[in-house]
Amino acid sequence: MTNTHVDYQLSQLDQLEAESIHIFREVAAEFEKPVLMFSGGKDSIVMLRLAEKAFYPAKIPFQLLQIDTGLDFPEVLETRDNWVNRLGVRIVVASIDDAIANGVVIDDGKTSRNRMQTATLLDAIEENGFTALFGGGRRDEEKARAKERVYSHRDEFGQWDPKMQRPELWSLYNGRIHAGEHMRIFPISNWTELDVWDYIGREQIEIPNIYFSHQRRVFVRDGMLMSETPLNPTREGETVEERTVRFRTCGDITLTGCVESTASTIPEIIDEVSIAKLTERGATRGDDRFSEAAMEDRKKEGYF
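Before going into details, it helps to say that this report is about the structure given with it.

So, how was this worked out
- Residues numbered from 1 in each chain as written.
- Predicted model: local features only at pLDDT ≥ 70, side-chain atom pairs only at ≥ 80, totals over all residues.
- Heavy atoms only, no water.
- Pairing = 2+ DSSP bridges.
- Helix = DSSP H or I, 4+ residues; strand = E, 2+ residues; numbered from the N terminus.
- Axes fitted to C-alpha atoms, helices over the stretch in contact; angles between N-to-C directions.
- Contact = heavy atoms within 4.5 Å.
- Salt bridge = Lys/Arg side-chain N within 4 Å of Asp/Glu carboxyl O.
- Buried < 20%, exposed > 50% of the residue type's maximum accessible area, 1.4 Å probe, protein only.
- Phe/Tyr/Trp six-rings, centres within 6.5 Å; stacked < 30°, edge-to-face > 60°.

For the rest of this paragraph, the subject is the sheet that holds strand 3 (residues 91-95). With mixed pairing, the six strands of this open sheet are ordered in space as 3-2-1-4-6-5. Looking at the sheet topology across the chains shown, the edges are occupied by strand 3 and strand 5 (151-154). Across the sheet, the mean angle separating the axes of adjacent strands is 30 degrees when strand polarity is ignored. Two elements, strand 5 and strand 6 (residues 182-185), share four bridges in a ladder whose sense is antiparallel. Residue pairing for strand 6: His-153 is matched across the bridge by Met-183. Each of strand 1 (34-37), strand 2 (63-68), strand 3, strand 4 (132-134) and strand 6 touches helix 5 (residues 113-128); the most contacted strand, strand 2, lies at about 150 degrees to it.

Once that is clear, we can look at the pattern of salt bridges. Taken as a whole and assessed by the stated rule, the structure comprises 20 salt bridges. As a salt-bridge pair, Lys-42 and Asp-43 come within 4.0 Å of each other at their nearest N and O atoms. Considered together, Lys-42 and Asp-43 belong to a single accessibility category, that of buried residues. Between Arg-248 and Glu-193 there is a salt bridge, with its nearest N and O atoms 2.7 Å apart. Linking Arg-248 in the loop between strand 9 (241-246) and strand 10 (259-260) with Glu-193 in helix 7 (residues 193-203), this pair joins segments that are 55 residues apart in sequence. The pair Arg-248 / Glu-193 is uniform in exposure class, with both members buried.

This next bit is on the packing of aromatic side chains. Overall, the coordinates contain nine aromatic pairs when judged by the stated rule. Between the aromatic rings of Phe-55 and Phe-62, the centroid separation amounts to 5.9 Å while the plane-to-plane angle is 85 degrees, which identifies the pairing as edge-to-face. Residue Phe-55 shares its accessibility class with Phe-62, and that shared class is buried. Look at Trp-197 and Tyr-211: their rings are 5.7 Å apart centre to centre, the planes differ by 80 degrees, and that puts the pair in the edge-to-face class.

Read across the sheet, four strands follow the order 8-7-9-10 without closing on themselves; strand pairing throughout is antiparallel. Single-partner strands in this sheet number two, and they are strand 8 (224-227) and strand 10. Relative to strand 10, strand 9 is paired through two bridges, and the arrangement is antiparallel. Residue pairing across strands places Val-245 opposite Glu-260, the latter belonging to strand 10.

Written as structure tokens, this is what we have:
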């Protein structure tokens, strides 16, 4: 008898996919009521695709949750609805407008809708009894993201203490929580922006068309190109012009900038991202420029 050795090795993308699928299955088995944070942006769409593969041919065994700022890109909301309808999953939409009307959030006219997401999110968690929330945070996005592990414990107030991280030796996750506490789970924590785009290309995943190059009327604010929209009127001295741009990330339309780009296909975007010196958040998210520790401060308050 001849022994045949087959040198079989998973690619980096296959290893990342397998790790993420393992995390989804662990959480679904361990927690009473998990939910997947879904905005319709590229990272949350990749997460939803991974969840779909984790439980196929069964349906995804948990709901989706979106925090609606009222300032989302229409193209993103359209893609969100396409995914929800195709998979037949239920989405819970927690509206900041409703939170303001119910006194959960105080609109002082100065605080951005992005910062109002925290209280709206925590209220939705308490109201629905969610015990684990999947988020699309990646360690390469921002300094505070890199401090967080795959399982991120939150206390009864929804707060995060970076000094109280639980060890995750050999990818063993401690999901024990007390009443009122919950976990934030980051299945794509070990992915990079380039990994996300490689996966989108390989899986032929539907994403909002604003990620691709297009013509748009924009103006410069705080060093970023912002969209001309009634939701984000120009200020004195700002000039609107039409440029060829695309978005690297999708969030609050009043705070999310675009970049000049001719990348109209996924391979072209991959080439562009592979030589980028700034992450998408650092380059195009105005709310992360509030202070050096803006993201970490918000995470301690309960933000993702």
